[in-house]
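Each chain, letter by letter, is given below.
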Amino acid sequence: MYDRLKQLETLRASFEQQGWAYAHQMFPPEVAMATLRTFETELGNTREAYEGIWGKGPFTENFCFENYAYRSPFHATILWTLTPYMQAMTGKELLPTTSYFRVYRKGDVCKLHVDRAAAEYAISLTLAYSDNIAWPLWLSEGNFESENPNHSAAADIPEGTQLPMLKVPMLPGDAVIYDGVRKLHGRAEPNPNEWSAHLFFGFVDRHGPYAEHAFDRRGDILVQPSSFAFPALDGPQ
């Protein structure tokens, strides 16, 4: 039997010691496959039919299939339900902020960068590779101090920066948990697959310097009491 509790203890120790941890099968492969299939079904899988975001971010070379969590209840719910897991991983009282879904094409890269404040604590999760070729995540061994101390935006590294990097191979369902605003990360080698699909999740410490980014500053809309009204008499509508 796979001992998930033991894995969490190991990951917690790794994160506390080095600011990141590798979570093998954070999503069982079948769950990763079903998750991607649901995104594909909801959003489409061609440029013409796609209902998410067809965009080119600041750290990619080419346009990608993307989605932002608050455009999709399914996507947002994954982010919110991962919050207790990340609390256990980091030992912090966290709140969710944002999440992105992205499908990269062959030959694309994700430039090395640090995240904006909304990803104070972050997860990078691999969902699938079209050709089953692992595309490693690069992660700095040490911390990178950005020239933007407020982390109001993600930032790539200044030219000439030298910082030892680790390459973490990831299979579908695997994730890396890391300090998003201090660990340089990205995929600097070209994607060897025709496409690969990934999810990225961000969280903040509710008592920390970036707490205002909880729910990506949508808490006044989302975090509200609910109300239900039943009819006076039950019967056919």
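Residues numbered from 1 in each chain as written. Predicted model: local features only at pLDDT ≥ 70, side-chain atom pairs only at ≥ 80, totals over all residues. Heavy atoms only, no water.

Draft legend 1. Structural context of the packing of helix 1 (residues 4–18) against helix 4 (residues 83–90). Following both chains from N to C, one finds helix 1 and helix 4 inclined at 60°, their axes separated by 7 Å at the closest point. Considering their axes alone, helix 1 and helix 4 lie oblique with respect to each other. Facing helix 1, whose interface residues are Q7, L8, L11, R12 and F15, helix 4 presents Y85, A88, M89 and T90. Among the residues forming the contact of helix 1 with helix 4, the class breakdown is six nonpolar, two polar and one charged. (Axes fitted to C-alpha atoms, helices over the stretch in contact; angles between N-to-C directions. Helix = DSSP H or I, 4+ residues; strand = E, 2+ residues; numbered from the N terminus. Parallel < 35°, antiparallel > 145°, perpendicular 65-115°, else oblique. Contact = heavy atoms within 4.5 Å. Nonpolar A, V, L, I, M, F, W, Y, C, P; charged D, E, K, R; others polar.)

Draft legend 2. Just the pattern of salt bridges, in detail. Taken as a whole, this structure holds eight salt bridges when the rule is applied. The closest approach of N and O atoms between E16 and R12, which form a salt bridge, is 2.8 Å. Taken together, the residues span about one helical turn, with E16 and R12 both in helix 1 at a distance of four residues. With its nearest N and O atoms 3.0 Å apart, the salt bridge here joins R37 to E40. Of this pair, R37 and E40 both sit in helix 2 (residues 29–43), three residues apart, which is roughly one turn of that helix. With relative accessibility at 29%, the residue E40 sits in the partly exposed group. (Salt bridge = Lys/Arg side-chain N within 4 Å of Asp/Glu carboxyl O. Buried < 20%, exposed > 50% of the residue type's maximum accessible area, 1.4 Å probe, protein only.)

Draft legend 3. Structural detail: the state of the cysteines. All told, the structure shown has zero disulfides when counted by the stated rule. No disulfide involves C64; its sulfur sits 8.8 Å from the nearest other cysteine sulfur, which is in C110. In this structure C110 comes out as buried when scored by relative accessible area, which is 9%. (Disulfide = S-S within 2.5 Å.)

Draft legend 4. Quick look at the packing of aromatic side chains. Overall, the coordinates contain eleven aromatic pairs when judged by the stated rule. Pairing F39 with F74 gives two aromatic rings, centres 5.2 Å apart and planes at 70°, and the pair type is edge-to-face. Of this pair, F39 sits in helix 2 while F74 sits in helix 3 (residues 73–81), placing them 35 residues apart in sequence. Accessibility expressed as a relative area gives 1% for F39, which makes it buried. Residue classification places F74 among the partly exposed positions, given a relative accessible area of 25%. (Phe/Tyr/Trp six-rings, centres within 6.5 Å; stacked < 30°, edge-to-face > 60°.)

Draft legend 5. View of helix 1. Relative to the 21 Å expected for 15 residues at 1.5 Å per residue, helix 1 spans 21 Å between its end C-alpha atoms, a close match to the ideal helical length. Taken residue by residue, helix 1 has Q7, L8, L11, S14 and F15 as its buried positions. The buried residues of helix 1 occupy an angular sector of 130° when the element is viewed end-on, so they sit on one face. The outward face of helix 1, more than 90 degrees from its buried face, is lined by the exposed residues L5, K6, E9, T10, E16 and Q17. One side-chain oxygen at the N-terminal end of helix 1 lies 3.3 Å from the backbone nitrogen of L5; it belongs to D3. Positioned one or two residues after helix 1, G19 has a phi angle of 80°, which is positive. (Expected span 1.5 Å × (residues − 1). Arc of directions from axis to C-beta. Polar contact = N/O pair within 3.5 Å; in protein donor to acceptor, adjacent residues only side chain to side chain.)

Draft legend 6. How the structure looks around the nonpolar core. M26, F101, I123, L125, F201 and F203 are the most contacted members of the largest nonpolar core, which has 44 residues in total. Counting 16 residues, the second largest nonpolar core, distinct from the first, contains Y104, Y129, Y178 and F200. (Core = buried A, V, L, I, M, F, W, Y, C linked by side-chain atoms within 4.5 Å.)

Draft legend 7. Layout of the pairing of strand 6 (residues 121–129). Counting buried residues along strand 6, nine of its nine residues qualify, which places the element largely inside the surrounding structure. Summarising the sheet, strand 6 and strand 10 (residues 175–179) pair through five bridges and their orientation is antiparallel. Across the sheet, the residue bridging to L125 is A175, located in strand 10. Pairing geometry for strand 6 and strand 12 (residues 195–205), over eight bridges, is antiparallel. Bridging from a neighbouring strand, L125 pairs with L199 of strand 12. (Pairing = 2+ DSSP bridges.)

Draft legend 8. Structural detail: the side chain of H213. Here H213 shows up in the loop between strand 12 and helix 5 (219–222). Each residue touching H213, except ones within four places of it in the same chain, is listed here: T97, R116, A117, A118 and V204.

Draft legend 9. The arrangement of the sheet that holds strand 10 in detail. The antiparallel open sheet is built from seven strands, whose spatial order is 1-10-6-12-4-3-2. In this open sheet, the two edge strands, each paired with only one partner strand, are strand 1 (20–23) and strand 2 (53–55). Taking each pair of neighbouring strands and ignoring which way they run, the sheet shows an average axis angle of 20°. The sheet contact formed by strand 2 and strand 3 (residues 64–68) spans three bridges and is antiparallel. Note on strand 3: the bridge partner recorded for I53 is E66. Together, strand 1, strand 6 and strand 10 form the strand contacts of helix 1, whose direction differs from that of strand 1 by roughly 155°. Sheet strands touched by helix 4: strand 1, strand 4 (94–105), strand 6, strand 10 and strand 12. Its angle to strand 4, the strand with the most contacts, is close to 105°.

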